[in-house]
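One-letter residues, chain by chain:
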Amino acid sequence: MYIIIVGGGKVGYYLAKQLVEDGNEVLVIEKDAAKCQEIADELGDIVLRGDGCEGITLESAGTGRADLFIAVTGDDEDNLVACQVAKNKFSVRRTVALINNPKNEAVFKSLGIDTAISSTALILANIEQELPSHPLIPLLTIKGGGLEIVEAKVPSYSAMVGKRVGELLLPQQCLITVIIDEEGVPRIPNSDTVVRAGDEVVAVCRCESEDALRAVLTTPAEETNER
Amino acid sequence: MKIVIMGCGRVGTELATLLDREGQEVTILDIDPDAFDQLPTDFKGKRVVGNGIDQDVLRRIGLEEVDAFVAVTPGDNRNVMASQIAKHIFGVPKVVCRIFDPIREELYHNLGLETISPTREVAQLLKKALEREPGGED
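Residues numbered from 1 in each chain as written. Chains lettered and ligands numbered in written order. Predicted model: local features only at pLDDT ≥ 70, side-chain atom pairs only at ≥ 80, totals over all residues.

## Description of the interface of chain A and chain B
Under the convention used in this document: Note that contacts rest on C-beta atoms placed from the backbone: two residues are in contact if these are within 7 Å. For helices the rule is a DSSP run of H or I covering at least 4 residues; for strands it is a run of E covering at least 2, with both sets numbered from the N terminus onward.
Facing the 15 residues of chain A at the interface are 16 residues of chain B. Contributing elements (two or more residues each) for the side of chain A that touches chain B: helix H4 (76–90) and helix H5 (104–110) of chain A. In terms of residues, the side of chain A that touches chain B owes the most to one element, H4 of chain A, which gives eight residues.

In structure tokens:
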């Protein structure tokens, strides 16, 4: 495939590198001479210095035969115009634009860009998906020991709720060191301390038993009763 | 008429002043708060600091309700993007977009935007001026 990338910043560089490694014909269009030189030094003769929104630049880049046109500069308006010029003047079938303002996603789509990718939206989607099912947040990995300190909020449905710390079936080499209640008061628990819903639990555990600890925290009460 | 002008440079300032004196309801938008310094002291229109390619900014200034939108920032691409948002997202009835690059101007004109390329226009004016007899006014 012949792929044109507009913008030779970090995203453009690594994208080009990966696509070249995958065996594609790649051309990066970049305005800045120093960045062009860097890319040429690292990836070879795959850079064209110029403005990726200019018809003349895109003409000499052979945009007419590009299978894919990707605009990843730091400015949404430049990515939009580069893709629109490629699509409307050179009939490129597929255009992809990076966007910074996630609200521009709908604008880009309605203005004819095939794919608009917002890094902000991707990160948001990820944390929104992951937070409820993975309540374990690694705070610190202890050097050399394979241990880490993690923090988690006890969900209201958890089988831990109402149990004493001593009753919990924790993984091997796992210790609950601090429990912070919903009012924000931290306590160092003993085996008689009762876990409540919404408590923040700070624990030290082996890195490999993170999943087991997560399971203890998130297993719903009913499920444990059935077993 | 309610008119929004994006870009308070020389042209934006001049246009805003003309329209304001005519009694139009003008809002002028620029990302640089210092840009408004060139407006005359008796300018009655609204000055708004904000980015015209941000829909939230355009919504805040009530773009759904305006009669006309003019994009005259120094950036062709910013003008093109803001004008397309004004026309296609907010449905502004009259949108005029300045594009310096004649090639891009032609493209967006063909895509249905009302465009003006000062490069092309001024080149033609200069050519006409050169063709006139020296000393002749018209």
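## A closer look at the environment of alanine 116 of chain A
Residue and element names in this part refer to chain A. The condition is simple: Here a residue counts as buried when 20 or more other C-beta atoms fall within 10 Å of its C-beta, as exposed when 12 or fewer do, and as partly exposed in between; the C-beta atoms come from the backbone.
Note that alanine 116 resides in strand E6 (residues 115–118). Accessibility expressed as a C-beta count within 10 Å gives 24 for alanine 116, which makes it buried. Ignoring any residue separated from it by four or fewer positions in sequence, one finds alanine 116 in contact with Ala97, Ile99, Asn104, Glu105, Phe108 and Lys109.

## Here's the deal with the confidence of the model for chain B
Interpretation of the predicted coordinates at a detailed level should be avoided for regions scoring low in pLDDT. Definition in use: Every residue carries a pLDDT, the predictor's confidence in it, which falls somewhere between 0 and 100.
With 98% of its residues at a pLDDT of 70 or more, chain B has an overall mean of 95. For this predicted complex, the interface score ipTM comes out at 0.88, while the overall pTM is 0.70.

## Regarding the domain arrangement of chain A
The following threshold applies: Domain delimitation in this document rests on an assignment produced automatically or drawn from a domain database.
Looking at the assigned domains, one finds that chain A contains domain 1 (2–125) and domain 2 (134–226). One C-alpha centre belongs to domain 1 of chain A, the other to domain 2 of chain A; they are set 46 Å apart.

## As for the pairing of strand E1 (residues 2–6) of chain A
All names here are of chain A. Operational definition: The rule for pairing is simple: two strands pair if DSSP sees at least two bridges between them. Handedness rule for crossovers: strands pointing away from the viewer, path from the first strand over the helix to the second running clockwise, crossover right-handed.
Most of E1 sits inside the fold, with four of its five residues counted as buried. For E1 and strand E2 (residues 25–30), the ladder comprises five bridges, and the chain directions are parallel. Looking across to E2, one finds that isoleucine 4 is bridged to leucine 27. Crossover connection from E1 via helix H1 (residues 10–21) to parallel E2: handedness right-handed. Strand direction decides the pairing type here: E1 and strand E4 (residues 68–71), joined by four bridges, are parallel. Note that in E4 the partner of valine 6 across the bridge is alanine 71.

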